[in-house]
2 protein chains.
Amino acid sequence: MVNGDNKTSDRSNIAPVPTLRRLPRYLEYLKGLRVHGDAHVSCTQIAGALDLVPTQVRKDLACTGIVGKPKKGYPVFALMSSIENFLGWNDPRDAFLIGAGALGTAILGYESFRSNGLNIVAAFDTDTSKIGTKVRGVEVLALDKLEDLCRRMKILIGVLTMPAHYAQAVTDMLVRGGIKAIWNFTTARLVVPDEVVLENAQLASSFAVLSSKLRSTMHDPLEEESSEEVFVSN
Amino acid sequence: MVNGDNKTSDRSNIAPVPTLRRLPRYLEYLKGLRVHGDAHVSCTQIAGALDLVPTQVRKDLACTGIVGKPKKGYPVFALMSSIENFLGWNDPRDAFLIGAGALGTAILGYESFRSNGLNIVAAFDTDTSKIGTKVRGVEVLALDKLEDLCRRMKILIGVLTMPAHYAQAVTDMLVRGGIKAIWNFTTARLVVPDEVVLENAQLASSFAVLSSKLRSTMHDPLEEESSEEVFVSN
């Protein structure tokens, strides 16, 4: 339920999580091609540009339901539609953002979410100096209106950008308001009912990948010490 | 080179990327235990709390070099040190942040990075109204000082939070300044030399996971139509 990066799909129309994480990169690459008419693109071409292997690309794209033609590849526009359809990105979803601080402002300004069907219709905060103002064109409302508005406006997605220690309380409000999915940018580990989708943005995980790769590329004095110990102990 | 989520480790001290992404969650869970003395924790206990399978947890933790005791598990403090050591998080790394806008401000304020060894010593921007001010206690400097200061201060990590269309130009400056790792929060696909670590924060990937899971939990009219077509064609 939490994260699910270790889970395989439990529905035929859900791809493995690593595939889902790669699909936006394919889409971005295809958009960058700026082709016209019936231009085609091959797995080899995509794989080369994104530093992946062609068989992986073929498998990932097959999840979206598209079938390439031998020696020709995929029609670029049909492939883009196939990925967008699969992700549900051509179908705007109304969302509330909770926490109109720096992170919330950053998310509201992130162009690629806006163009990919995340339609943030209101932001919520407890800071009275922010309530009634607009952040990146989106009105900031009082937090105590959250649950009721969520229910009345049939909001699907809650984006959590408030301090971590409020995250569970806000999640509970959203769940009572009938939310379908929570996108958690805080470090809090949240508990949601089984029917609510939870995705953690996992900024700390990205930093873990960065720092461990960095550690391995550098001659870390710590590591040299420990490998020396091994020799000393012989 | 880019991302590498499809790559296996090429060095013995690098764990698979999915393992690296899970390690911060273990650490956060262990910190939350608030135990004293020689308390132990088992794989089953960790797995239960984080909705993973115990064998996966055991395998992940083994990557950090720690060995558990049968029926007892791991000493909590030793396990925390082992993970932190492995990630290089007990060893602060000096970093520059480029782009002191909303996203940059959010990253500067993200407590868990600060405590995990990301030591952002200066921020850079082209906006003259920001230069000379402090954001979350960190001074904002003019972008034209970036390359020289990077070299002189032997900065290891560059954190990119500026608009995507400047990202490659800034990356090139950092590379000339001798940077070792780039943490990219923009949507730009960057080219870096092989010896420079590149990690994309991939916020769009996280959103892809969220939206496709959401799509699959809802009765999407689009899907019903297409499954109907299958029957019609018989």
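Refer to the preceding data block for the structure.
What you see is a predicted model, and the numbers here were worked out from it, not measured in a lab. (Residues numbered from 1 in each chain as written. Chains lettered and ligands numbered in written order. Predicted model: local features only at pLDDT ≥ 70, side-chain atom pairs only at ≥ 80, totals over all residues. Heavy atoms only, no water.)

1. Here's the deal with the packing of aromatic side chains
In this structure the tally under the stated criterion is 14 aromatic pairs over all chains. Ring centres 5.6 Å apart and planes at 20° place the aromatic pair A:Trp89 and B:Phe207 in the stacked group. You can see A:Trp89 sitting in the loop between helix H4 (76-87) and strand S3 (93-98) and its partner B:Phe207 sitting in helix H9 (residues 203-217), one on each of two chains. When its relative accessible area of 5% is taken as the criterion, A:Trp89 is described as buried. Residue classification places B:Phe207 among the buried residues on the basis of a relative accessible area of 1%. Through successive ring pairs, a cluster of aromatic residues spans A:Trp89, A:Tyr110, A:Phe113, A:Trp183, A:Phe185 and B:Phe207. Directly above the ring of B:Phe86 sits A:Arg215, whose terminal nitrogen or CZ lies 4.9 Å from the centroid. (Phe/Tyr/Trp six-rings, centres within 6.5 Å; stacked < 30°, edge-to-face > 60°. Helix = DSSP H or I, 4+ residues; strand = E, 2+ residues; numbered from the N terminus. Buried < 20%, exposed > 50% of the residue type's maximum accessible area, 1.4 Å probe, protein only. Lys NZ or Arg CZ within 6 Å of the ring centre and 35° of its normal.)

2. Some remarks on the interface of chain B and chain A
Taken together, the contacts link 76 residues of chain B with 74 residues of chain A. Between chain B and chain A, a total of about 6900 Å² is buried, with carbon and sulfur atoms accounting for 61% of that surface. Among the residues chain B hides against chain A, the three largest losses belong to B:Arg189, B:Phe207 and B:Leu210. Together they make up 10% of the total. In this assembly, chain B and chain A are joined by zero salt bridges. Counting across the interface, chain B meets chain A through 14 residue pairs in polar contact (both at pLDDT 80 or more). For the side of chain B that touches chain A, the element with the most residues is H9(B), which contributes 15 residues. (Contact = heavy atoms within 4.5 Å. Buried area = accessible area lost by both parts, 1.4 Å probe. Salt bridge = Lys/Arg side-chain N within 4 Å of Asp/Glu carboxyl O. Polar contact = N/O pair within 3.5 Å; in protein donor to acceptor, adjacent residues only side chain to side chain.)

3. A few points about the relation of the copies chain B and chain A
Overlaying chain B on chain A yields an RMSD of 0.0 Å, the required transformation being a rotation through 180° with an accompanying axial translation of 0.0 Å. Within this description, the copies of the chain are treated as partners about a two-fold rotation axis. Relative to the rotation axis, the closest C-alpha in chain B is found at B:Ala102, a distance of 2.6 Å. With an isologous cut-off of 70% or more, the 97% of interface residues of chain B that recur at the interface of chain A puts this contact in the isologous class. (Least-squares fit on C-alpha atoms with pLDDT ≥ 70 in both.)

4. Some details on the sheet that holds strand S7 (residues 157-160) of chain B
Residue and element names in this part refer to chain B. Across the sheet, which stays open at both edges, the seven strands sit in the order S5-S6-S4-S3-S7-S8-S9 with mixed pairing between neighbours. Either end of the sheet is taken by a strand with one partner, and the two such strands are strand S5 (134-135) and strand S9 (197-200). Summarising the sheet, S7 and strand S8 (residues 181-184) pair through four bridges and their orientation is parallel. Following the sheet pairing, Gly 158 is matched in S8 by Ile 182. (Pairing = 2+ DSSP bridges.)

5. Concerning the sheet that holds strand S9 (residues 197-200) of chain A
Residue and element names in this part refer to chain A. Across the sheet, which stays open at both edges, the seven strands sit in the order S5-S6-S4-S3-S7-S8-S9 with mixed pairing between neighbours. Here the strands that pair on one side only, and so sit at the sheet edges, are strand S5 (134-135) and S9. Note that S3 and strand S4 (residues 118-125) share six bridges and pair parallel. If you follow Ala 95 over to S4, its bridge partner there is Ile 120.

6. Describing the environment of A:Leu61
All names here are of chain A. When you line up the elements, Leu 61 lands in helix H3 (residues 54-63). Exposure remark for Leu 61: the relative accessible area of 0% places this residue in the buried category. As a C-alpha pair, Leu 61 and Tyr 29 span 32 residues in sequence and 13 Å in three-dimensional space. Aside from chain neighbours lying at most four places away, what touches Leu 61 is Tyr 26, Ile 46, Ile 66, Tyr 74, Leu 79 and Ile 83.

7. With respect to the packing of helix H2 (residues 43-50) of chain A against H3(A)
Residue and element names in this part refer to chain A. Following both chains from N to C, one finds H2 and H3 inclined at 110°, their axes separated by 8 Å at the closest point. One way to sum up the angle between H2 and H3 is to call them roughly perpendicular. Both H2 and H3 take part in a crossing whose hand is right-handed. In this structure, H2 uses Cys 43, Thr 44, Ile 46 and Ala 47 to contact H3, whose residues at the interface are Pro 54, Val 57, Arg 58 and Leu 61. For the contact of H2 with H3, the class distribution of residues is six nonpolar, one polar and one charged. (Axes fitted to C-alpha atoms, helices over the stretch in contact; angles between N-to-C directions. Parallel < 35°, antiparallel > 145°, perpendicular 65-115°, else oblique. Left-handed = near helix turned anticlockwise from the far one by under 90°. Nonpolar A, V, L, I, M, F, W, Y, C, P; charged D, E, K, R; others polar.)

8. Focus: the side chain of B:Thr19
All names here are of chain B. Here Thr 19 is to be found in helix H1 (residues 17-33). For Thr 19, a relative accessible area of 4% corresponds to the buried category. If near-sequence neighbours (up to four positions away) are discounted, Thr 19 is found in contact with Asp 60 and Cys 63.

9. Structural notes on helix H1 (residues 17-33) of chain A
Taking 1.5 Å as the rise per residue, H1(A) with 17 residues should run 24 Å; its terminal C-alpha atoms sit 26 Å apart, in good agreement. Among the 17 residues of H1(A), 12 are classified as buried, and the element is accordingly described as predominantly covered. Regarding H1(A), the residues found buried are A:Val17, A:Thr19, A:Leu20, A:Arg21, A:Arg22, A:Leu23, A:Pro24, A:Arg25, A:Tyr26, A:Leu27, A:Tyr29 and A:Leu30. Elements that come into contact with the buried residues of H1(A) comprise strand S1 (40-41), H2, H3, H4 and S9 of chain A together with H9 of chain B. (Expected span 1.5 Å × (residues − 1).)

10. Some points on unusual backbone geometry
Although it is not a glycine, A:Lys154 sits at a positive phi angle of roughly 50°. Topologically, A:Lys154 is positioned in the loop between helix H7 (146-152) and strand S7 (157-160).

11. Re the nonpolar core
The nonpolar side chains of a soluble globular protein tend to be buried, and buried together. Membership of the largest hydrophobic core comes to 111 residues, with the highest contact counts inside it found for A:Ile46 and B:Ile46. Contact partners of A:Ile46, with chain neighbours within four places excluded, come to A:Tyr26, A:Tyr29, A:Leu30, A:Val41, A:Val57, A:Leu61 and A:Leu79. (Core = buried A, V, L, I, M, F, W, Y, C linked by side-chain atoms within 4.5 Å.)

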